[in-house]
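Descriptive structure summary
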Amino acid sequence: MMDIDTNGTAPQARWDGRRVLFEVQHDMQVVPCAVMPVVIRELAPGPCFKTKDVLKCFMAARSQIEAAVHSKLQRRTIPYPTPLTVWSSDLEDHAAAIRMAAKLDS
């Protein structure tokens, strides 16, 4: 398993051979999460195929991925499966929620 140091700003992201594992804080709980490289490639520019590149691309897109996780967790009840997997549809659902909120605000 390969780790990437985040310089203390967030828990480490780890590659387990098929997905990136990471954790988020939600409602005073640490939630283990996972995201597949194909989802990361949708968000991050540049090459994203080698383990080192996948982790770098994850770090570049982490805020978007974590926002989608929080959005997904708000729609779920405990217990949720762990690790909570982030899919492309979760990113789309989060983007749609932001657009809906913007329409309601205007």
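The preceding data block contains the structure.
Quantities reported herein were computed from a predicted structural model and do not represent experimental measurements. (Residues numbered from 1 in each chain as written. Predicted model: local features only at pLDDT ≥ 70, side-chain atom pairs only at ≥ 80, totals over all residues. Heavy atoms only, no water.)

1. Describing the overall build of the protein chain
Each helix and strand in the protein chain was counted, giving three helices and five strands. The helix and strand sequence of the protein chain, counted from the amino end, reads β-β-β-β-α-α-β-α. When the 106 residues of the protein chain are sorted by exposure, 38% land in the buried category. Put simply, of all contacts in the protein chain between residues at least 6 apart along the chain, 47% involve residues at least 24 apart. (Helix = DSSP H or I, 4+ residues; strand = E, 2+ residues; numbered from the N terminus. Buried < 20%, exposed > 50% of the residue type's maximum accessible area, 1.4 Å probe, protein only. Contact = heavy atoms within 4.5 Å.)

2. Some words on the pattern of salt bridges
If charged atoms from side chains of opposite charge come close, those side chains can pair. Per the counting criterion, the structure on display carries four salt bridges. Measuring nitrogen to oxygen at the nearest pair gives 2.9 Å for the salt bridge that ties Asp16 to Arg19. Taking relative accessible area as the criterion, Arg19 reaches 16% and is therefore assigned buried. (Salt bridge = Lys/Arg side-chain N within 4 Å of Asp/Glu carboxyl O.)

3. Things to note about the packing of helix α2 (residues 51-74) against helix α3 (residues 88-105)
Where α2 contacts α3, the two axes come as close as 9 Å, and the packing angle between them is 80°. When the axis of α2 is compared with that of α3, the two are roughly perpendicular. In this structure, α2 contributes Gln64, Ile65, Ala67, Ala68, Ser71 and Lys72 to the contact, and α3 contributes Asp90, Leu91 and His94. Within the contact of α2 with α3, the residues separate by chemical class into four nonpolar, three polar and two charged. (Axes fitted to C-alpha atoms, helices over the stretch in contact; angles between N-to-C directions. Parallel < 35°, antiparallel > 145°, perpendicular 65-115°, else oblique. Nonpolar A, V, L, I, M, F, W, Y, C, P; charged D, E, K, R; others polar.)

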